[in-house]
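Here's the letter readout for the chains.
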Amino acid sequence: MSPADGDLTEFQVGRLAWLAESPTADVVRREIAERLDQLETIDGASLIKRNMVRAVFRVPLTVSRRVIVKRYAVGGLVDWVKYNVKPSRAMAEWRVGRALDAAGIPTAVPLAMAEERRIVLHDAALVTREIVDAVHLNEYVETHLQGDDARDELRAQLYDRLARTIRRMHNAGFVHHDLHGGNVLVNGPPDDAVAHIIDLHSVTRPATPRPGALWFDLVKLLHSIRTCSSASERVALCRVYEDEGQRPSGTPLTRLLQSGRVSETLEPRLVRMERKRVRSRTRRCLDRSSRFDVTRSGGYRVHHLRSVPAVALAALVQAHRATMAAGGAAVLKDARRSALTRQTLTTPDGDRGVVVKEYRSNGVEGRLKNLVRRPRAVAAWIAGNGLLVRDFPTAEPIALLLRGPGRLIGSAFVVMDDLGDAERLDLVALGRFAGALDADGVAHKHRLLAATARLFRRLHSRGVYHGDLKAVNLFVHETDHGSEVVLADVDRVEFDREVSRRRRMKNLAQLSASIPICISLVDRLRFFRDYARHDPDARADWKTWFRNVIALCERKIVVRMDPIE
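What you see as residue numbers is a count from 1 along each chain, following the sequence as written. Residue-level local features of this predicted model are given only where pLDDT is at least 70; pairs of side-chain atoms are given and counted only at 80 or more, and the full residue set underlies all totals for whole chains, interfaces and linings. Side-chain metrics rest on all non-hydrogen atoms present in the structure, leaving aside hydrogens and water.

Q: How should I be thinking about the sheet that holds strand β7 (residues 120–129) in this particular structure?
A: Here, a strand pair is defined by DSSP locating no fewer than two bridges between the strands. Note on conventions: DSSP H or I runs of at least 4 residues are helices, E runs of at least 2 residues are strands, and numbering of each starts at the N terminus. One open sheet accounts for seven strands, arranged β1-β2-β6-β7-β5-β4-β3; its pairing is antiparallel. Single-partner strands in this sheet number two, and they are β1 (8–13) and β3 (46–50). On average, each strand axis in the sheet is inclined to that of its neighbour by 20°, with strand direction left out of account. Where β1 and strand β2 (residues 16–21) come together, six bridges link them in antiparallel fashion. Bridging from a neighbouring strand, F11 pairs with W18 of β2. Those strands touched by helix α3 (residues 89–102) are β1, β2, β4 (54–60), β5 (66–72), β6 (110–118) and β7, and its axis lies near 150° from that of β6. Between the N-to-C directions of two axes lies an angle of 0 to 180 degrees, each axis being a line fitted to C-alpha atoms and, for a helix, fitted only over the stretch in contact. Any two residues having at least one pair of non-hydrogen atoms within 4.5 Å are treated as being in contact.

Below you can see the structure in the form of C-alpha cells.
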C-alpha cells in the first residue's frame, strides 16, 4: 500500500500493514493497532455489533475523542478469491469514505485502515471518527420527530436535508447500492439534524452512473422509512431530490413527477419490496446468518440464535424429559401430539425462562406425513420468526432441535421464551373483569378489547392466518404504551395469502368461544367495531357476521366462567 497523499503514514504492526492519517497515526498505532485483539478489554470500549461479516467497537482515545473500529471477518475460499480481484471491505470503505468527505458528503470519516495479505487477504480493519450522539434514521425520527404538528414540520425538514444529501452524493458520481435507514446515521437537534451516509463497502463511483441504480438507491431508502413517513412525505422527498440538481436526475422520477404519478407507481413497489423482504428474512431462520446458526449437539441438528450455545439447548431436552417423568407444575401440557414444560436456559448473558415444546412423531405414520408436509416443529420455528420479522408480538423462538435424516424426523423440539400463565388472555378476563368494575376497570377492559381487535385486524389485513387463535394462545403484556397482546402456539400460522372471509370468521369464533362470559355481548360488539374499523362492508353487515360467528361457536366448547385448555 502507498499513501494517496503526503498526509498519510504507513506502519506495520504484527502482520497487519496500516495506512493512517499522519496527525493521528501515532495514537492509532499505540492505542488501536497494538491492541487490536484486545479491544473489548480497553477501559471505556464497547462492542456495538458482532456478526458473520464484522465486529464493530467504540473505543476511546487519550486525545479525548472516540473512534469506531471495524474488524472484518475473512476466511474460506470464497473470500480469498473475491478479495484477490476486488478491494477488501476495509480498503473500499477507506477510499469511499475519504472521497465522500472530500466531496462534502457527511459520513464516518476514515482515520486508518489495515490489511494482512499473504498471497490472499487474511485480515482487515478500519478506524473511523465517531459520529457523536448519532442514531439510525428511523430511530431518530421515532424518538424526536413524532407527535404534534411542530414535529411533523421538523420531520419534513429532516427529509428535505436527507434528499439533498443523497442528490449531492449522486451528483458527485457515487452509487450506494444499499441505501436504507440503517445505513444513515442522524445527529444534532431536531431543527438542525444532520444525516450521515455510512457502511460504504458497496459504494461505487462509475464514470457514468446508471439512472436505474440511482433510482434504486432512492427507492430502497423510501422503503426503509415507510413506517416513519407518510406517502405525501415520500413524494415531497422525491421532489426535493429532483429539484436539488442543476439538471433533471434522468431517473424514472423525472417522468413520474411530470406526470404526477409518483405515489401511484412508488407505493405498490414499496409493498412488493416489503413482501420480498419479510419472506427472505423469514427463510433465514433455517440457515446460517448473522442472527442464526446451524450446528449439531447431543445427536440433534440445532437451528438456534447465535447468542445461545447449542450445547445448552441440547441439555434442555434432557431437562424437559426429566420434568415430564417427574410431573408437577412445570409440566404445562402432556398430550398425544405434543408436550410442554417450563425450563431455565443458562446463557452467557444470564438465566432465561423458556418453554420447551416437544412434537411427538406418533410413529412411522407421523414420519411419513413429514415427507409431504412441513413438519410441525419446523413450521412453528418458521412461523415464530416470521411473525417477529413482520413486527407481530410473539414468544421469541430460541431454537429448533431435530433428530432424524432429512424430513424423516423422529423427535423435534422448539425452545421459546416463557410468556407465563398469569397473563394469559382468558385468565386476565376472569381475574380482572368478572365482578363489578369501577371506572378504571371499565377503561382497562376497553383498552384490552381494542388491543386485541387491533392485533386481529393487523394479522388479517397483512395476510397472516393463525389456525388456532383462541384466548389460551394469547398473552397480555403491559407496556408503557398500554396493553399488548402477544401470540403463542404458532405452528398453524400461514403467511402472505389473503385471509378469506370464512377464515376471518373462524378466528373470531375461536376467540369468542374461548373468552369467558364476563366479556358481555356489548363488549363483543365493541370488539367487532374496532376489528372492522377499516372495513366498511363488514361494519355495515355486522349482523351477518355475528350470526355466522355464533353458528361457528355452537360447534365448539364455549367457555362460561372456567378456563379451558
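Q: Would you mind going over the side chain of E31 with me for this structure?
A: Within the element layout of this structure, E31 appears in helix α1 (residues 22–31). Of note is the side chain of E31, whose polar atom sits 2.4 Å from the side chain of T62. Apart from residues lying up to four places away in sequence, E31 is in contact with I42, P60, L61 and T62. In protein, a polar contact requires one atom able to donate a hydrogen and another able to accept it; more generally it is a pair of N or O atoms within 3.5 Å, and residues adjacent in sequence count only if both atoms are side-chain atoms.

Q: Where do I start with unusual backbone geometry in this structure?
A: Most peptide bonds take the trans form, and the phi angle of most residues other than glycine is negative. A positive phi angle, close to 75°, is found at H177, a residue other than glycine. Looking at where H177 falls in the secondary structure, it is placed in the loop between α5 (149–171) and β9 (184–187). You can call H177 partly exposed: its relative accessible area is 32%. In this scheme, a residue with accessible area under 20% of its type's maximum is buried, one over 50% is exposed, and one in between is partly exposed, where area comes from a 1.4 Å probe on protein chains only.

Q: Would you take a moment to explain the pairing of β3 for this structure?
A: Within a regular strand, side chains alternate between the sheet's two faces. Bridge analysis of β3 against β4 gives four bridges, and the strand direction is antiparallel. The residue of β4 that forms the bridge with K49 is V56. The hairpin formed by β3 and β4 contains three residues between the paired strands.

Q: I tried to follow the packing of helix α6 (residues 211–224) against helix α7 (residues 231–244) on my own but got confused; where do I start?
A: In a packed pair of helices, the relevant descriptors are the angle between the two axes and the axis-to-axis distance. Interaxial distance between α6 and α7 falls to 11 Å at its minimum, and their mutual angle equals 150°. Between α6 and α7, the interaxial angle falls into the category roughly antiparallel. For the pair α6 and α7, the crossing hand works out as right-handed. Between α6 and α7, the residues in contact are L214, L218 and L222 and R234, L237, C238 and Y241, respectively. When residues are sorted by character, Ala, Val, Leu, Ile, Met, Phe, Trp, Tyr, Cys and Pro go into the nonpolar class, Asp, Glu, Lys and Arg into the charged class, and all the rest, Gly among them, into the polar class. Tallied by class, the residues present in the contact of α6 with α7 amount to six nonpolar, no polar and one charged. Angle categories: roughly parallel below 35 degrees, roughly antiparallel above 145, roughly perpendicular from 65 to 115, and oblique for all the rest. The handedness criterion is simple: a crossing whose near helix is rotated anticlockwise from the far helix by less than a right angle is left-handed, and one whose near helix is rotated clockwise is right-handed.

Q: I'm lost on the pairing of β6 in this one. Help?
A: Here β6 lies mainly inside the structure; seven of its nine residues are buried. The sheet contact formed by β6 and β7 spans eight bridges and is antiparallel. Considered in β7, the bridge of A112 is made with V127. Linkage of β6 to β7, two consecutive antiparallel strands, is achieved through a turn of one residue, within which I119 is found at a positive phi near 70°.

Q: What exactly am I supposed to notice about the nonpolar core here?
A: Within soluble globular proteins, side chains that are nonpolar generally end up buried alongside one another. By nonpolar core we mean a set of buried residues, namely Ala, Val, Leu, Ile, Met, Phe, Trp, Tyr and Cys, connected to one another through side-chain atoms within 4.5 Å. Ranked by internal contacts, the top residues of the largest apolar core, which has 44 residues, are L137, L162 and V184. Here L137 is in contact with L158, L162, G181, V184, V186, L221 and I225, once residues within four sequence places are set aside. Grouped together as the second largest cluster of nonpolar side chains are 42 residues, A383, L387, V485 and Y531 included.

Q: Sorry, what's going on with the environment of P87 here?
A: With respect to the secondary-structure elements, P87 resides in the loop between α2 (76–85) and α3. Each C-alpha atom of the pair P87 and G350 lies 40 Å from the other, and the pair is 263 residues apart in sequence. Contact partners of P87, with chain neighbours within four places excluded, come to A92 and R95.

Q: In this structure, what is going on with helix α12 (residues 376–389)? I would like to understand it.
A: Because an α-helix packs 3.6 residues into every turn, residues spaced three or four apart end up facing the same way. Between the first and last C-alpha of α12 there are 20 Å, a value that for 14 residues agrees with the 20 Å anticipated at 1.5 Å per step. Within α12, 13 of the 14 residues are buried, which leaves the element mostly enclosed by the surrounding structure. Immediately beyond the C-terminal end of α12, within one or two residues, lies D391, with a positive phi of roughly 65°. Multiplying 1.5 Å by the residue count of a helix minus one yields the expected span of that helix.

Q: Which parts of the structure should I look at to understand the packing of aromatic side chains?
A: The description of two aromatic rings rests on the distance between their centres and on the angle between their planes. Pairs were defined over the aromatic rings of Phe, Tyr and Trp, the Trp ring being its six-membered one, requiring ring centres within 6.5 Å. Orientation was assigned from the angle between planes: stacked under 30 degrees, edge-to-face over 60, tilted for the rest. Taken as a whole and judged by the stated rule, the model has eight aromatic pairs. Seen from their ring centres, F292 and W381 are 5.8 Å apart, and the 75° between their planes marks the pair as edge-to-face. Of this pair, F292 sits in strand β11 (residues 292–297) while W381 is found in helix α12, placing the two residues 89 residues apart along the sequence. We classify W381 as buried; its relative accessible area is 0%. A centroid spacing of 5.9 Å and a plane angle of 80° characterise the contact between F528 and F546, whose relative ring orientation is edge-to-face. One end of the pair, F528, is in helix α16 (residues 521–531); the other, F546, is in helix α18 (residues 542–553), with 18 residues separating them in the sequence. Grouping residues by exposure puts F528 and F546 together as buried. A connected cluster of aromatic rings, assembled from ring pairs, spans F528, Y531, W542, W545 and F546. Any Lys NZ or Arg CZ that is within 6 Å of a ring centre and within 35 degrees of that ring's normal is treated as a charge sitting over the ring. The cationic tip of R390 hangs over the ring face of F495; the distance from NZ or CZ to the ring centre is 3.9 Å. One residue, R403, lies across the ring of Y300, its end atom 4.2 Å from the ring centre.

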